[in-house]
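# Structure assessment
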Amino acid sequence: MDDPMTDRAEEPGVNEAAALSAAACMFRSLGDPTRLAILRHLALGEYKVVELTAHLGLAQSTVSAHLTCLRDCGLVTSRPQGRASMWSLATGAELLDVLAAAQRLLATTGDAVALCPAYGEEASR
């Protein structure tokens, strides 16, 4: 079976440690429930911050901070529309593939990660 992480790290001129570090950074960017909720909602189309805050029931400052993080990670983009910005997924198909793969992995493992002492729900409290 092909291993995309290994395949990328074995390309000529690619530093394996740097490639794995970048992958870990990407997963950390996805490691927040609010950011995941924003990404799932943006999978439906473009939205203004005010629309995202209404959908998520969060403060505007919270949503804006998470959008900034996601933008800095290259996962979302915005375009001006009047005085507002329209936010959308920057790499829709690829990101949705990763999220779908995560759902399949969770289904396969029976959501065991939620019980993990290091990263599970109890560890984050």
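First, a word on what this report is: a plain description of the structure on this page. (Residues numbered from 1 in each chain as written. Predicted model: local features only at pLDDT ≥ 70, side-chain atom pairs only at ≥ 80, totals over all residues. Heavy atoms only, no water.)

### Some words on helix H6 (residues 92–109)
With 18 residues, H6 ought to run about 26 Å at 1.5 Å a step, and its terminal C-alpha atoms sit 26 Å apart, in line with that. Backbone geometry just downstream of H6 places Gly110 in the positive-phi region, at approximately 65°. (Helix = DSSP H or I, 4+ residues; strand = E, 2+ residues; numbered from the N terminus. Expected span 1.5 Å × (residues − 1).)

### What about the state of the cysteines?
Counted by the stated rule, this structure contains zero disulfides. No disulfide involves Cys69; its nearest neighbouring cysteine sulfur is the one of Cys73, lying 4.4 Å away. (Disulfide = S-S within 2.5 Å.)

### What to know about the side chain of Arg35
Take Arg35: it is sitting in helix H3 (residues 33–42). One polar contact links Arg35 to His66, side chain to side chain, over a distance of 3.3 Å. In this structure, Arg35 is in contact with Arg28, Ser29, His66, Cys69 and Leu70, ignoring residues within four places of it in sequence. (Polar contact = N/O pair within 3.5 Å; in protein donor to acceptor, adjacent residues only side chain to side chain. Contact = heavy atoms within 4.5 Å.)

### Points about the side chain of His41
By the element assignment, His41 lies in helix H3. With near-sequence residues (within four places) excluded, His41 lies in contact with Tyr47, Leu52 and His55.

### Section: the nonpolar core
Ranked by internal contacts, the top residues of the largest apolar core, which has 16 residues, are Leu39, Leu42, Leu67, Val76 and Leu95. For this core, the elements supplying multiple residues, two or more each, are H3, helix H4 (49–56), helix H5 (60–72), strand E2 (84–89) and H6. Every residue in contact with Leu95, bar those within four places of it in the chain, is listed here: Leu30, Leu39, Leu75 and Leu89. (Core = buried A, V, L, I, M, F, W, Y, C linked by side-chain atoms within 4.5 Å. Buried < 20%, exposed > 50% of the residue type's maximum accessible area, 1.4 Å probe, protein only.)

### Details of the pattern of salt bridges
A full pass over the atoms with the stated rule returns two salt bridges. In this structure, Arg79 engages Glu46 in a salt bridge whose closest nitrogen and oxygen atoms are separated by 2.8 Å. You can see Arg79 sitting in strand E1 (residues 76–81) and its partner Glu46 sitting in the loop between H3 and H4, a full 33 residues away along the chain. For Glu46, a relative accessible area of 33% puts it in the partly exposed group. A salt bridge links Arg71 to Asp72, with the nearest nitrogen and oxygen atoms 3.4 Å apart. You can call Asp72 exposed: its relative accessible area is 57%. (Salt bridge = Lys/Arg side-chain N within 4 Å of Asp/Glu carboxyl O.)

### Thoughts on the packing of H3 against H4
Two elements in contact, H3 and H4, have axes separated by 11 Å at closest approach and are oriented at 115°. Where H3 crosses over H4, the two elements pack in a sense that is right-handed. Between H3 and H4, the residues in contact are Ala37, Ile38, His41 and Leu42 and Leu52, His55 and Leu56, respectively. (Axes fitted to C-alpha atoms, helices over the stretch in contact; angles between N-to-C directions. Left-handed = near helix turned anticlockwise from the far one by under 90°.)

### Concerning helix H2 (residues 16–29)
Between its first and last C-alpha atoms H2 spans 20 Å; for 14 residues at 1.5 Å apiece the expected length is 20 Å, and the two agree. Ala19, Ala23 and Ser29 are the residues of H2 that are buried. Projection of H2 onto a plane perpendicular to its axis shows the buried side chains occupying an angular sector of 115°, all on one side. The exposed set on the far side of H2, more than 90 degrees from its buried face, consists of Ala17 and Arg28. A distance of 2.8 Å separates the backbone nitrogen of Ala17 from a side-chain oxygen at the start of H2, and that oxygen is part of Asn15. (Arc of directions from axis to C-beta.)

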